[in-house]
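One-letter residues, chain by chain:
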Amino acid sequence: MKLLVVSDSHSERDCLIHLKEKYENTVDAMIHCGDSELEADDPAIQGFHTVRGNCDFGGGFPNDWVGEVDGYRIFTTHGHLYNIKMTLMNLRYRARELNADFAFFGHSHELGVDMLDDTIILNPGSISLPRGRIRIKTYVLIDSTTEGIKVRFMDREDNELTELTQVFPLTKRN
């Protein structure tokens, strides 16, 4: 399994088009965690499983997306409806209710990844407007390997931020 996860592109179409051209045929799914500020029929966002962010005012995107890729259950939301800037508990509980292997979210523009309750909880940061201690425009590539689930943060120029790479033990729940 290989996933691309991006968030908070805030009307920047070129970065999404670049990601599509580079990864569309090499990943099992491309996921956008909201605040694209694009319409659902915009060609730049086509091919991404996209959720609605607090800056997405057009229709066409769901608040949450739950899907399966290669037997892994993925829960994606923007995060504003789960109060993620204050706590990850609401997101964690929802992921547990959904029996999710992964919970992806955006909203804070701060990258981060951790494992809680056997669920990988990940914010890919922002591809356009990063915040927090690491102010690099980022997206994430996730690979299922023999060692576990490898999470690689990539900068906007497609360079791996190796100091942030992590491998998590995770087996499919289904």
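Higher on the page you've got the structure.
In every chain, residue numbers begin from 1 and rise along the written sequence. Side-chain atom pairs in this predicted model are given and counted only at pLDDT of 80 or more, local residue features only at pLDDT of at least 70, and totals for whole chains, interfaces and linings cover all residues. Hydrogens and waters are ignored; side-chain quantities use all the structure's heavy atoms.

S.K.: What's the story with the overall build of the protein in this structure? I'm lost.
M.R.: For the protein, the count of helices and strands is two helices and eleven strands. For helices the rule is a DSSP run of H or I covering at least 4 residues; for strands it is a run of E covering at least 2, with both sets numbered from the N terminus onward. Along the chain direction, N to C, the helices and strands of the protein fall in the order β-α-β-β-β-β-α-β-β-β-β-β-β. What you see for the protein is a C-alpha radius of gyration of 14 Å, in line with the 16 Å of a compact globule of 174 residues. Note on exposure labels: buried denotes an accessible area under 20% of the residue type's maximum, exposed denotes more than 50%, and partly exposed covers the range between, all computed with a 1.4 Å probe on protein chains only. Here the protein, with 174 residues, has 52% of them falling under the buried criterion. Two residues form a contact once any of their heavy atoms are found within 4.5 Å. A separation of at least 24 residues holds for 52% of the contacts in the protein among residues at least 6 apart in sequence. In this description, accessible areas are obtained by the Shrake-Rupley approach with a 1.4 Å probe, and a residue is regarded as covered only by the protein chains that are shown. On the protein, roughly 7,900 Å² of surface is accessible, and the fraction owed to carbon and sulfur atoms is 44%. Computing the positive centroid from 19 side-chain charges and the negative centroid from 28, the protein places the two 3 Å apart. Our radius of gyration is a C-alpha quantity, and the globule rule it is checked against amounts to 2.2 Å times the number of residues to the power 0.38. Neither His nor the chain ends contribute to the count of charged residues, in which Lys and Arg are positive and Asp and Glu negative. To locate a charge, take atom NZ for lysine, CZ for arginine, CG for aspartate or CD for glutamate.

S.K.: Quick question: what am I supposed to make of the nonpolar core here?
M.R.: Nonpolar side chains in soluble globular proteins generally cluster together in the buried interior. For the purposes of this section, nonpolar cores are sets of buried Ala, Val, Leu, Ile, Met, Phe, Trp, Tyr and Cys residues that join through side-chain atoms within 4.5 Å. Formed by 27 residues in total, the largest nonpolar core has its most connected members in F102, F104, I142, I149, V151 and F153. When residues of this core are traced back to their parent elements, those giving at least two are β1 (2–6), β2 (29–32), β4 (64–69), β5 (72–77), β6 (102–104), β8 (119–123), β9 (138–144) and β10 (149–155). Sort the elements by how many residues they give to this core and β10 lands first, with three residues. Beyond its immediate stretch of four places on either side in the chain, I142 contacts M1, K2, L3, V5, F102, F104, I149, K150 and V151. Listed in part, the 17 residues of the second largest apolar core include V6, Y23, A44 and I127.

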